[in-house]
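# Observations on the model geometry
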Amino acid sequence: MSTPHVTLRGITRRFGALVANDRVTLELPPGEIHALVGENGAGKSTLMKVLFGLLQPDEGEIVVDGRNVRFADPQAAMRHGLGMVHQHFMLVDTLTVAENVTLGRETQARFGLLAPGDAEREVAALAERHRLPVDPKARISQLSVGAQQRVEILKALYRGARVLILDEPTAVLTPQEVDELFAVLRALVAEGVSIVLITHKLAEVKALASRVTVLRGGKVAGSAMVADTSIERMAELMVGHVPAPLTERSHRAPGAPLLEVQGLEVRDARHLPAVRDVSFAVRSGEIVGIAGVEGNGQHELIECLAGLCPPARGAVRIAGVAVSGHSAREHRAAGLAHIPSDRLHRGLVPDMSLAENLVLGLQRRPDIGTGPWLGGHTLEDASRARLQEYDVRPPDPRAFAGRLSGGNQQKLIAARELTQGAKAILAAHPTRGVDLGAIDFIHRRLLAERDAGRAVLLVSSELSEILALSDRILVLYEGRIVHETTPAATDERTLGLHMTGRASHTDAPLPPRNGTPHASGGLA
Amino acid sequence: MDVLLFAAAAVRISVPYALAAMGASLSERGGVVCIALEGLMLNGALAYTLGAHATQNPWIGVLCALLAGLATAWLHAEATVRFRADQITTGLGINLLAAGLTRFVLVRVFHSSSNSPRVPGLPEWRIPGVADLPGVGELLSSPLVLITLALVVLVHGLLFRTVFGLRLRSIGERPEAAATLGISVARYRFAGVLLCGLMAGLAGAYLSSEQHSFTDGMTGGRGYIALAAMIVGKWNPVGAAAACLLFGAAEALQIKLQGSAFPSELLQALPYVITMLALAGFIGRAVAPRAVGTPYDPES
C-alpha cells in the first residue's frame, strides 16, 4: 500500500460555544514528519481525533489522494492507512505482545481457534522489518514504557498504517528512549511512511520534523518548513508573545536544613522495598530536584514524606521535628506543604468549590471554622484575593474545581499550599500536563519560595524542569540515590544515563552525539 | 469403597456450583460482575420443573431452564451493558426478583408456597463399562455430570484458545483498547453475560432434576458460593471448577458428620473462609479483570 497524501481542509469543530478547531488546514505529503504544536487546549487533540475518525468535523473536509472522504469511526480511518499511537497506551497489560498487536485481526486456525504460533512469528517478522525490537511472547506488564510504545507502533503497522499519528510520544520516555524512538521514526519515514507528531517540545520539532504547524486557540497561528523557522519563533507563535526567560536566580548560601531524610526505606503496595536507604537534606533557600524514570521509587518517597505511608526504616525531620510514622496532619503541622502529583485525586475535590478547596486540610484553624462549622461567606471573601494573586481563572470562589483547566487547577493547589507559611515544600510533578503559562507561573512561585528561605523538594520526570529550577539534583534509580550533581555540572543526556543505571560511577566525559541536535523539553 | 462413594458425593454436590462458577468466569472476564447467579439458577430450576411437569419430558425441562437463564441474563446485560447500570445493584435486584417471581409462579401454578409436585428427573446415560464401575458408576451415568465435565474443558478452551475468548478477555481488562481496534465492547459483554445465563440455568436444572421437584428458595445461597469459587479459581474456568470440587467435598463431609460431635457450622463456613483467604492474598493472588464492574462509556 502506498502512502496516501492526506489534507485536512478548513476543519471546524465546536463543543457547545467553544470552537476547538477554527478552519484548520493541515497538509500531510507522503514521507514527511509534520509536527503539530501548541499549548494544551490549543486544539491539537481535537484535530487529530477528527483525522482519526473519533470526532466528526462540523465544517471542512478530509481529502485522501485527491478524494473527499468521511471517517465515521477509527476503523474507516485505518482502512485509509491511518494509525494512531495514543499518549496513554491502548494496551491490554495481561496479554502478550503478539496478542495485543493482532487483537481484532487475529491469526486464526479453523473454527475461530487462535493460532498463537503464527501470530508470534508474524509480529516478530514485522518487528524485525521495522527494527522495533520487542519479544512477541512477553506480557505487556513486563515491558518498559519504551517497549510498550514500540508495541503501539507495531499495532498500527500491522493494520497497514502508512500515516502515523503520535500523540506526545516523548512525554513518558527517558532521553535514551527518545533517541531510539526518533531513530525508528526516521527509518519509517525513509520507507515512505508519513508521521504527524503532536508535541509541545520545540527542540523535538527542530530535531525531527520537516514541517511544523502551530495551533493557538483553535486556529492555525502559523505553518512553515522547520528549516525556515526557529524555536524562538515557534514559541512566540504558540503563546502569542515572546516568553520571558526565568529570572536569574539569586546566589545565596543555603541555610539550615528544613527537610531531612535519614536511611529511609519505604515499601510499595506489594511490601517490596521501593525506596532503599535514602538520605538527603534540603536546606532553607534551596531547591533540590529528584530526577528519575517514573517507577523508581519517586511515588513511594513522596507518599512517605507527605505522611501518607509510614517508612519501613529510617527517619524524616521537618524543620527539626521528627515526624516519621506520624500522620499527614502532623507532617503539615511541622511545616510541610505538599503539591501532590495527581491533582484530581490527591490535590483537589473536583465537586467542591474553589473556596472550599482552598481550605482543605485547614479546617482546624480558628479563622476558618469553629467546631464542626465552617466560616461560610468569610471563606469566600478570603479566598477571592488568593485566587487573584495566583491567577486562577475564573477567580470565582463558588466555581467547581473540577471545571477548571489543568493549569488553573494546579495554580489553585499552589494557592492553597504556598500560602500557609510552610517551611518545607514538597512539589511532585507540579507542572505535569499543564499549559506553558501555568508552567511559567508555578516555576516563578517555586523560585520565589526558595528565595524567601523555604526548602523545596522538586520531584519531576521533566528533566528540563529539574535543570531549570534545581540548586542540586539527586538521581533516583531503583529506589536508591545513585548520583548527585548540580545543573551547571550536568546535562539531560548525562542525567538520562544515570536515570537508567547505565552510567559508570566515574563520570567520564561522554563522546559527542552524532548528527541531530538533542531533544529537550520546554523552551528555556 | 467408602472413599470412592465420598468422592462421588462430592462431585455430585459440586456440579451446580461448577456450572454457575464457570458461567460467571465468562461474564466477569468480559467485565460484568455476575452476582446475579443466585437468581439465574433459581429461575432455571423453576423453568426445568415447569417444562418437565407440563411435558413429562425432562429434556424439555432442561431446554426451558436454558431459556430462563438466557432471558434473566439478558435482563442483566441490558441493564448493565446498554444502560450502564451498577452491576452489583442490578445483580442483587435480579436475585430479589427471582426469589419473588419463583414463589409467585409456585403458588399460581402448583398452589403451594413451598414445593412443586414430583417431576421426572433426567434418565441415566449408561455407558457400557463405565456404568458398572464400583462406587462411581452411578455418578458417571448422570447426563449433567458428564456434560459438566465436558464443559470444564470446553469453556476453558473457549476463553483461552479462541478468538472470541481473547477478545472477551481484552474487553474485561481494557475495553477502550479493544474498542479502538473495532471490537464491539457491548456485543462481547452481552455474549459473556448470556453464556453465563445459559450455564447458571443449567445449574438450576440440575438442582430440580436431582430433587425431582422445585422448592421455594432451593438454591439456598449456592450462587454466592459459586461466585466465591470463581474468585478462588482466579477467574479461570478450570480453577473455578476445582474450587467448587473443594467446596463440594466440604459439604459432603459436613453431611457425613451430621449428628456427630463435630460442629458442622465450621464446615459450612469453609467456602467463605477460603474465599477471604484467597482475596487477602494467602492462596496466591486473586486479581480481578481490571475493568470488571466498570460500565464502558465510549464518550469518556
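Residues numbered from 1 in each chain as written. Chains lettered and ligands numbered in written order. Predicted model: local features only at pLDDT ≥ 70, side-chain atom pairs only at ≥ 80, totals over all residues. Heavy atoms only, no water.

## Re the nonpolar core
So the rule is basically this: We call a set of buried Ala, Val, Leu, Ile, Met, Phe, Trp, Tyr and Cys residues a nonpolar core when their side-chain atoms join them within 4.5 Å. Only protein chains enter the calculation, and the probe is 1.4 Å; a residue is then buried if its accessible area is under 20% of its type maximum, exposed if over 50%, and partly exposed in between. Residue contacts are defined here by distance: any two heavy atoms, one from each residue, within 4.5 Å place the two residues in contact.
If you look at the biggest cluster of nonpolar residues, it comprises 88 residues, and the most contacted ones within it are L37 and Y48 of chain B. In contact with L37 of chain B, not counting residues within four places along its chain, are A20, A24, N95, C196, A200, G223, A226 and L227 of chain B. Grouped together as the second largest cluster of nonpolar side chains are 56 residues, V101, V151, A161 and V214 of chain A included.

## A word on the domain arrangement of chain A
Convention followed: What counts as a domain boundary in this text is fixed by an automatic or database domain assignment.
Domain annotation of chain A identifies domain 1 (6-239), domain 2 (255-335 + 422-524) and domain 3 (353-420). The C-alpha centroid of domain 2 of chain A is placed 32 Å from the C-alpha centroid of domain 1 of chain A.

## Thoughts on the interface of chain B and chain A
As a reminder, the rule being used: Buried area, as used here, totals the accessible surface that two parts lose on assembly, with accessibility defined by a 1.4 Å probe and the loss added over both. Salt bridges are defined as contacts in which a side-chain nitrogen from Lys or Arg sits within 4 Å of a carboxyl oxygen from Asp or Glu. In protein, a polar contact means a hydrogen-donor-capable atom and an acceptor-capable atom, both N or O and within 3.5 Å, with residues adjacent in sequence counting only if both atoms are side-chain atoms; elsewhere, any N or O pair within 3.5 Å suffices. Think of it this way: any DSSP run of H or I at least four residues long counts as a helix, any run of E at least two long counts as a strand, and we number them from the N terminus. Residues are grouped as follows: Ala, Val, Leu, Ile, Met, Phe, Trp, Tyr, Cys and Pro are nonpolar; Asp, Glu, Lys and Arg are charged; all remaining types, including Gly, are polar.
In this assembly, 19 residues from chain B lie in contact with 24 residues from chain A. Carbon and sulfur atoms supply 66% of the area buried between chain B and chain A, which totals about 1,700 Å² over both sides. Looking only at chain B, the three residues that lose the most surface to chain A are L166, T180 and L181 of chain B, adding up to 35% of its buried area. In this structure, R167 of chain B engages E106 of chain A in a salt bridge whose closest nitrogen and oxygen atoms are separated by 2.7 Å. Taken together, the links from chain B to chain A amount to 8 residue pairs in polar contact (both at pLDDT 80 or more). Of all elements in the fold, only α5 (143-161), α6 (163-173) and α7 (175-180) of chain B reach the threshold of two or more residues within the side of chain B that touches chain A. Examining the composition of the side of chain B that touches chain A, we find that 6 residues originate from one element, α6 of chain B, more than from any other. Counted by class, the side of chain B that touches chain A contains 8 nonpolar, 4 polar and 7 charged residues.

## Things to note about the packing of aromatic side chains
Our working definition: Aromatic rings from Phe, Tyr and Trp, taking only the six-membered ring of Trp, are treated as a pair when their centres fall within 6.5 Å; an angle between ring planes under 30 degrees marks them as stacked, one over 60 as edge-to-face, and anything in between as tilted. Criterion for a charge above a ring: Lys NZ or Arg CZ within 6 Å of the ring centre, and within 35 degrees of the ring normal.
The tally for this structure, following the rule as stated, stands at 3 aromatic pairs over all chains. Between the aromatic rings of Y390 of chain A and F441 of chain A, the centroid separation amounts to 6.0 Å while the plane-to-plane angle is 70 degrees, which identifies the pairing as edge-to-face. Taken together, the positions of Y390 of chain A in the loop between α13 (377-389) and α14 (406-417) and F441 of chain A in helix α15 (residues 436-451) put the pair 51 residues apart, joining distant regions of the chain. F441 of chain A carries the same exposure label as Y390 of chain A, and that label is buried. Ring centres 5.7 Å apart and planes at 15 degrees place the aromatic pair W59 of chain B and W125 of chain B in the stacked group. Of this pair, W59 of chain B sits in helix α3 (residues 58-82) while W125 of chain B sits in the loop between α4 (87-110) and α5; the two residues are 66 residues apart in sequence, bridging distant segments of the chain. For W59 of chain B, a relative accessible area of 33% puts it in the partly exposed group. Positioned over the ring face of F441 of chain A is K411 of chain A, at 5.8 Å from the centre of the ring. Taking the ring centre of Y390 of chain A as reference, the NZ or CZ of R445 of chain A above it sits at 4.4 Å.

## A word on helix α10 (residues 237-256) of chain B
All names here are of chain B. Short version of the rule: In this analysis, the expected span of each helix is defined as 1.5 Å times one less than the number of residues it contains.
A rise of 1.5 Å per residue sets the reference length of α10, with its 20 residues, at 28 Å; its end C-alpha atoms lie 28 Å apart and thus fit the reference within 8%. Of the residues making up α10, those classed as buried are P237, A240, A241, A243, C244, F247, G248, A250, E251, A252 and Q254. Elements in contact with the buried residues of α10: α1 (2-29), α5, α9 (222-232), α11 (264-268) and α12 (270-279).

## Overview of the pattern of salt bridges
All names here are of chain A. By the definition in use, this model includes 39 salt bridges over all chains. R233 is the salt-bridge partner of E236, the closest N and O atoms lying 3.5 Å from each other. Of this pair, E236 and R233 both sit in helix α8 (residues 231-239), 3 residues apart, which is roughly one turn of that helix. Take E236: its relative accessible area is 30%, and that puts it in the partly exposed class. In this structure, E380 and R398 form a salt bridge, with 3.0 Å as the shortest nitrogen-oxygen distance. Of the two residues, E380 is situated in helix α13 and R398 in the loop between α13 and α14; the sequence distance between them amounts to 18 residues. With relative accessibility at 19%, the residue E380 sits in the buried group. Because the salt bridges share partners, they merge into one network encompassing R283, E286, R472 and E484.

## Looking at the sheet that holds strand β16 (residues 336-339) of chain A
All names here are of chain A. Spelled out, the test is: For two strands to count as paired, DSSP must find a minimum of two bridges between them. Lines fitted to C-alpha atoms define the axes, with helix axes restricted to the stretch in contact, and inter-axis angles between N-to-C directions lie between 0 and 180 degrees.
Ordered in space as β16-β19-β20-β13-β21-β22, the 6 strands form an open sheet in which the pairing is mixed. Either end of the sheet is taken by a strand with one partner, and the two such strands are β16 and β22 (480-485). Averaged over all pairs of adjacent strands, the angle between strand axes in this sheet comes to 20 degrees, irrespective of strand direction. Pairing between β16 and strand β19 (residues 424-428): 4 bridges, direction parallel. The residue bridging I339 from the neighbouring strand is A427, located in β19. Sheet contacts for α15: β13 (286-291), β19 and β20 (455-459); angle to β13, the most-contacted strand, approximately 130 degrees. Strand contacts of helix α17 (residues 492-499): β13, β21 (472-477) and β22, with the helix running at about 35 degrees to β21, the strand carrying the most contacts.

## A short note on a nonpolar patch on the surface
Residues and elements named next belong to chain B. We count it as follows: Exposure above 30% relative accessible area and the absence of a salt bridge qualify a residue for a patch, where like charges join within 9 Å and nonpolar side chains (Val, Leu, Ile, Met, Phe, Trp, Tyr) within 5 Å. The Shrake-Rupley method, run with a 1.4 Å probe, gives the accessible areas here. Residue values count only the displayed protein chains as cover.
Side chains of W74, L75, L97, L101 and F104 sit close together on the surface and give an oily, nonpolar patch of about 500 Å² of accessible area. Where the nonpolar patch is concerned, the elements lending two or more residues are α3 and α4. Of all the elements, α4 adds the most residues to the nonpolar patch, at 3 residues.

## Some words on the packing of α1 of chain B against helix α8 (residues 185-211) of chain B
Residues and elements named next belong to chain B. Here is the rule we go by: Here roughly perpendicular refers to angles of 65 to 115 degrees, roughly parallel to angles under 35, roughly antiparallel to angles over 145, and oblique to all remaining angles.
Close contact between α1 and α8 brings their axes to 7 Å; oriented N to C, the two are set at 170 degrees. Our classification of the angle between α1 and α8 gives roughly antiparallel. Facing α1, whose interface residues are R12, V15, P16, L19, A20, M22, G23, A24, L26 and S27, α8 presents G192, V193, L195, C196, M199, A200, L202, A203, Y206, L207 and E210. Taken together, the residues of the contact of α1 with α8 sort by class into 16 nonpolar, 3 polar and 2 charged.

## Quick word on unusual backbone geometry
Residues and elements named next belong to chain A. Cis peptide bonds are those with omega within 30 degrees of zero, and the linkage from R393 to P394 qualifies with -5 degrees. Checked against the element boundaries, P394 lands in the loop between α13 and α14. Even without being a glycine, D277 presents a positive backbone phi close to 50 degrees. Counting through the fold element by element, D277 comes out in strand β12 (residues 273-283). In this structure, D391 is a non-glycine residue whose phi angle is positive, near 60 degrees.

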